[in-house]
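One-letter residues, chain by chain:
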Amino acid sequence: MLVSTLLILAVCMAVSLPLGLGAALWLSEVGRNGHALGRVLRRLLDVLAGTPSIVIGLFGNALFSQALGLGFSILAGGLTLACMVLPLLIRTTEEAFSAVPPSCAAPRALALSETRTLAQLLLPVALPGLMAGFLLGLGRALAETAALIFTSGYVDRMPESLLDSGRALSVHIYDLAMHVGGGEGAAYAAASTLILLILLINALFLALAGLWRRRALQLA
Amino acid sequence: MRLARLDPALRVGLRGLAFVSGLIVLLILLLLLVEAAPALSTLGPGQWLADPGWQPSGGRYNLLPMIVGSALVALGALLLAVPLGLGAALFAQFYAPPGVARLRRRGLELMAGIPSVVYGFWALLVLVPLIRTLAPPGQSLLAGILVLALMILPTVAVTADAALAALPRALLSAARALGLGRVSRITRVALPAARAGILTGIVLALGRAVGETLAVLMVAGNVVQVPGSLLDPFRALTANIALEMAYAAELHRSALFVCGLVLFVITVGLVLLAARLSPQRLPHAA
């Protein structure tokens, strides 16, 4: 279960991270209000953030499991989760970028290309903020159950590849509590493990957010 | 910071990534429509609301009890969570010493991070037996309302907190200079001024409550009926999808996508409402 959970998270983050990073950079570049497409995109992302996870699960089942033929698999579950955490990731990442003080625009005076400014300056400076967003998304993905029930499935054994079905920890708790008589003890154990993982991620998030704030202050 | 001019290739790449992210929402709508189309075209609008019960194997598809169930449980949860959340935010902003306020904030963040299965599991083992001593079977509308209220409390409290904290200090200082007491400062100045932000949070919380699946499923009893009292079991729209998707086929499967479509439309409506209410950008749904 733990391996399946980690694999699902890995797929989810591998997909949503580049997408979210790119989208957030573009959004912070077009600015807050001036750009019509930017406004539409923000609204769409707000809708995505508000969409119930079970509906995203239905979508994942229809698209990844059926239309793309991935079946009940870790890959399908991870991709579905990626859709779910994307708005959160974009929002936090964008905030991290817009918190970088304008004085960091100095390299432009040094005739560095924009791409190099981005890679060598903006990304490193915004890194703690990016990591904090990443951890927030990770926590959200870890907590999710409803989107996974019909995408990554129930099968309770060691997955052999990304196309195998894998049971996430949260789905395991659900199954034990609802369908297995006398499963309470095991469900308690699984729930404790899950909460411990989330507490750990939360603590990391807080530490990084603090670091990020301090660094932003130093630069300002 | 903003980059004044990006290299063209990079700019095109970033824009592509941004559009792919936005496309997901449209894709969700499209797929829901496609999958729901068979059921929508074979069953008339009357059947969704007037069929005698929900028995997909018998060709009966009445969604009304579940829509009512979802609405009742969400509104009930809101009724509990709003006074509590608002009270907590006011306490933190106007009464609590800074240390206590910070502690409360951490606590709320933790509450928001706890997975819904864990809430559901806890409610199933603690709340439901408690209600059972009151009136069997225990899995009931009341249990659903209580657990949901707990889950949306952080959303209400955090957004109200942020809205109150964002008020201009001058406003409150002026009220104090006019000799208003703390209570009138809160009810006559702070609350009206922060109304938009607080309402936005409430609408977002309502959206979360309607969309919540696992916790509600685990404590609701899931009998398809319009609950006659707080102690009756019921079934929410979200739970209906989660329960039956595993074995649904053809028209039944399509009918479940209709449920999804209904949910999606409700949430889109709520998000747009929140956006209209909100003075600035939507806050994080905690």
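So, how was this worked out
- Within each chain, residues carry numbers counting from 1 in the order of the written sequence.
- Here every chain gets a letter starting at A, and every ligand a number starting at 1, in the order they are written.
- For a predicted model such as this one, the threshold for reporting local features is a pLDDT of at least 70, and the threshold for listing and counting side-chain atom pairs is 80 or more; totals across whole chains, interfaces and linings nevertheless cover every residue.
- Based on all heavy atoms of the structure, the side-chain values leave hydrogens and waters out of the count.
- Here a helix means four or more residues in a row that DSSP labels H or I, a strand means two or more in a row labelled E, and each is numbered from the N terminus.
- Note on definitions: a residue-residue contact is assigned when non-hydrogen atoms from the two residues lie within 4.5 Å.
- Here the accessible surface of atoms and residues is derived via Shrake-Rupley with a 1.4 Å probe, and residues count as covered only by protein chains that are part of the display.
- We call a residue buried when its accessible area falls under 20% of the maximum for its residue type, exposed when it is over 50%, and partly exposed in between, using a 1.4 Å probe and counting protein chains only.
- Within this analysis, patches are made of residues with over 30% relative accessible area and no salt bridge. Like charges are joined at 9 Å or less; nonpolar side chains (Val, Leu, Ile, Met, Phe, Trp, Tyr) at 5 Å or less.
- A pair is scored as a salt bridge if a Lys or Arg side-chain nitrogen falls within 4 Å of a carboxyl oxygen belonging to Asp or Glu.
- Side-chain rings of Phe, Tyr and Trp (the six-membered ring for Trp) are treated as a pair once their centres are within 6.5 Å; stacked means planes under 30 degrees apart, edge-to-face means over 60, and tilted covers the remaining angles.
- Lines fitted to C-alpha atoms define the axes, with helix axes restricted to the stretch in contact, and inter-axis angles between N-to-C directions lie between 0 and 180 degrees.
- By the definition adopted for this analysis, an angle is roughly parallel if under 35 degrees, roughly antiparallel if over 145, roughly perpendicular if from 65 to 115, and oblique otherwise.
- Crossing handedness is read from the near helix: turned anticlockwise from the far helix by less than a right angle, it gives a left-handed crossing, and turned clockwise, a right-handed one.
- Throughout, the ten residues Ala, Val, Leu, Ile, Met, Phe, Trp, Tyr, Cys and Pro are labelled nonpolar, Asp, Glu, Lys and Arg are labelled charged, and all others, Gly among them, are labelled polar.
- The term buried area means the drop in 1.4 Å probe accessible area that two parts suffer when joined, counted for both and summed.
- Polar contact is the term for a pair of N or O atoms within 3.5 Å; when the atoms are in protein, one must be able to donate a hydrogen and the other to accept it, and sequence-neighboring residues count only if both atoms are side-chain atoms.
- The pLDDT score gives, residue by residue, the confidence of the prediction method on a 0 to 100 scale.
- Note on disulfides: each one is a pair of cysteine sulfur atoms within 2.5 Å.
- In this analysis, the expected span of each helix is defined as 1.5 Å times one less than the number of residues it contains.
- Note that the bend at a residue is defined as the angle between axes fitted to the seven residues ending at it and the seven residues starting at it.

Caption draft 1: Inspection of the overall build of chain A at higher detail. In terms of regular secondary structure, chain A is built from 9 helices and 0 strands. When its helices and strands are written in sequence order, chain A yields α-α-α-α-α-α-α-α-α. Residue pairs at least 24 apart in sequence account for 75% of intrachain contacts in chain A once pairs closer than 6 positions are excluded. Here chain A displays about 8,700 Å² of accessible surface, and carbon together with sulfur accounts for 68% of that area.

Caption draft 2: Up close: the overall build of chain B. For chain B, the count of helices and strands is 12 helices and 2 strands. Traced from its N-terminal end to its C-terminal end, chain B shows the element sequence α-α-β-β-α-α-α-α-α-α-α-α-α-α. Taken along its principal axes, the extent of the C-alpha atoms in chain B is 70 × 65 × 30 Å. Evaluated residue by residue, chain B yields a buried proportion of 50% over its 286 residues. In chain B, once contacts between residues fewer than 6 apart in sequence are set aside, the share between residues at least 24 apart is 70%.

Caption draft 3: Structural context of a nonpolar patch on the surface. Residues and elements named next belong to chain B. Residues F91, Y95, V100 and V183 make up a contiguous nonpolar surface patch of about 360 Å² in total accessible area. Summarising the element assignment, V100 is placed in helix α4 (residues 98–113). A relative accessible area of 39% means that V100 is categorised as partly exposed.

Caption draft 4: View of the packing of aromatic side chains. Tallying each qualifying case throughout the model produces 4 aromatic pairs over all chains. Geometrically, the ring pair formed by A:F59 and A:F64 is edge-to-face, given 6.1 Å between the ring centres and 75° between the ring planes. As far as the burial class goes, A:F59 and A:F64 line up, both buried. Between B:W54 and B:Y61 the ring centres are 5.7 Å apart and the planes differ by 85°, which places this aromatic pair in the edge-to-face class. Look at B:W54 and you get buried, because its relative accessible area is 7%.

Caption draft 5: Inspection of the packing of helix α3 (residues 53–67) of chain A against helix α4 (residues 74–98) of chain A at higher detail. Residues and elements named next belong to chain A. Running from amino to carboxyl end, α3 crosses α4 at an angle of 135°, the nearest separation of the two axes being 9 Å. Comparing the axis directions of α3 and α4 gives the class oblique. Seen along the crossing, α3 lies across α4 with a hand that is right-handed. Side by side, α3 and α4 meet where S53, I56, G57, F59, G60, F64 and S65 of the first sit next to A76, L79, T80, C83 and M84 of the second. The class makeup of the residues in the contact of α3 with α4 is 7 nonpolar, 5 polar and no charged.

Caption draft 6: Structural view of the interface of chain B and chain A. At the junction of the two partners, chain B supplies 62 residues and chain A supplies 75 residues. Summed over both partners, the interface of chain B with chain A buries about 5,900 Å², with 74% contributed by carbon and sulfur atoms. Along the contact surface separating chain B from chain A lie 0 salt bridges. On inspection of chain B and its partner chain A, the count reaches 1 residue pair in polar contact (both at pLDDT 80 or more). When residues of the side of chain B that touches chain A are traced back to their parent elements, those giving at least two are α1 (8–42), α4, α5 (116–134), α10 (214–220), α11 (237–244) and α12 (250–277) of chain B. At 18 residues, α1(B) tops the list of elements feeding residues into the side of chain B that touches chain A. Residue composition of the side of chain B that touches chain A, grouped by class: 42 nonpolar, 10 polar and 10 charged.

Caption draft 7: Just the confidence of the model for chain B, in detail. Residue and element names in this part refer to chain B. Averaged over all residues, the pLDDT of chain B equals 83, while 95% of them reach at least 70. Per-element averaging of pLDDT across chain B places helix α2 (residues 45–50) at the bottom with 73 and helix α3 (residues 64–95) at the top with 90. Here the prediction assigns the complex a pTM of 0.83, and the interface score ipTM is 0.82.

Caption draft 8: Here's a closer look at the pattern of salt bridges. Residue and element names in this part refer to chain A. Scanning all chains against the criterion turns up 8 salt bridges over all chains. The salt bridge partner of R91 is D46, with a shortest N-O separation of 3.0 Å. Pair noted here: R91 is in helix α4 and D46 is in helix α2 (residues 36–50), with a separation of 45 residues, a long-range link. Classification of R91 by relative accessible area gives buried; the value is 14%.

Caption draft 9: Up close: the environment of B:G22. Within the secondary structure, B:G22 is located in helix α1. Along the chain, B:G22 and B:E250 lie 228 residues apart, while their C-alpha atoms are 30 Å from each other.

Caption draft 10: The state of the cysteines, seen in detail. Tallying each qualifying case throughout the model produces 0 disulfides over all chains. Among the cysteines around A:C12, which has no disulfide bond, A:C83 carries the closest sulfur, lying 9.0 Å off.

Caption draft 11: Seen up close, the side chain of A:T145. Within the secondary structure, A:T145 sits in the loop between α6 (114–143) and α7 (146–149). On the basis of relative accessible area, A:T145 is assigned to the buried category, the value being 0%. Ignoring anything within four residues of it in the chain, the contact list for A:T145 reads A:S170, A:V171, A:Y174, B:V117 and B:L214.

Caption draft 12: Representation of the side chain of A:N61 within the structure. Along the polypeptide, A:N61 turns up in helix α3. A residue is classified by how much of its surface remains accessible, and A:N61, at 3% relative accessible area, is buried. Excluding anything up to four places from it in sequence, A:N61 contacts A:Q66, A:F72, A:F150, A:T151, B:M245 and B:R253.

Caption draft 13: Up close: α2(A). In this model α2(A) runs 21 Å from its N-terminal to its C-terminal C-alpha over 15 residues, within 8% of the 21 Å that 1.5 Å per residue would give. When α2(A) is considered as a whole, its buried residues turn out to be A:G38, A:L41, A:R42, A:L44, A:L45, A:D46, A:V47 and A:L48. Tucked into the core, α2(A) has its buried residues touching α1 (2–30), α3 and α4 of chain A together with α1 and α12 of chain B.

Caption draft 14: Local environment of helix α6 (residues 141–165) of chain B. In a regular helix each residue adds 1.5 Å, so 25 residues correspond to 36 Å; α6(B) covers 35 Å between its end C-alpha atoms and thus fits that length. For α6(B), the principal kink sits at B:I152 and spans about 40°; a proline, B:P154, occurs within the next four residues.

Caption draft 15: Representation of the packing of α1(B) against α12(B) in the model. All names here are of chain B. Running from amino to carboxyl end, α1 crosses α12 at an angle of 130°, the nearest separation of the two axes being 7 Å. Regarding the angle of α1 to α12, the classification is oblique. With respect to the hand of their crossing, α1 and α12 are arranged in left-handed fashion. Mapping the contact onto sequence places V25, I28, L29, L32, L33, E35, A36, A37, P38, A39, L40 and T42 in α1 and L251, R253, S254, A255, F257, V258, G260, L261 and F264 in α12. In terms of residue class, the contact of α1 with α12 is built from 16 nonpolar, 3 polar and 2 charged.

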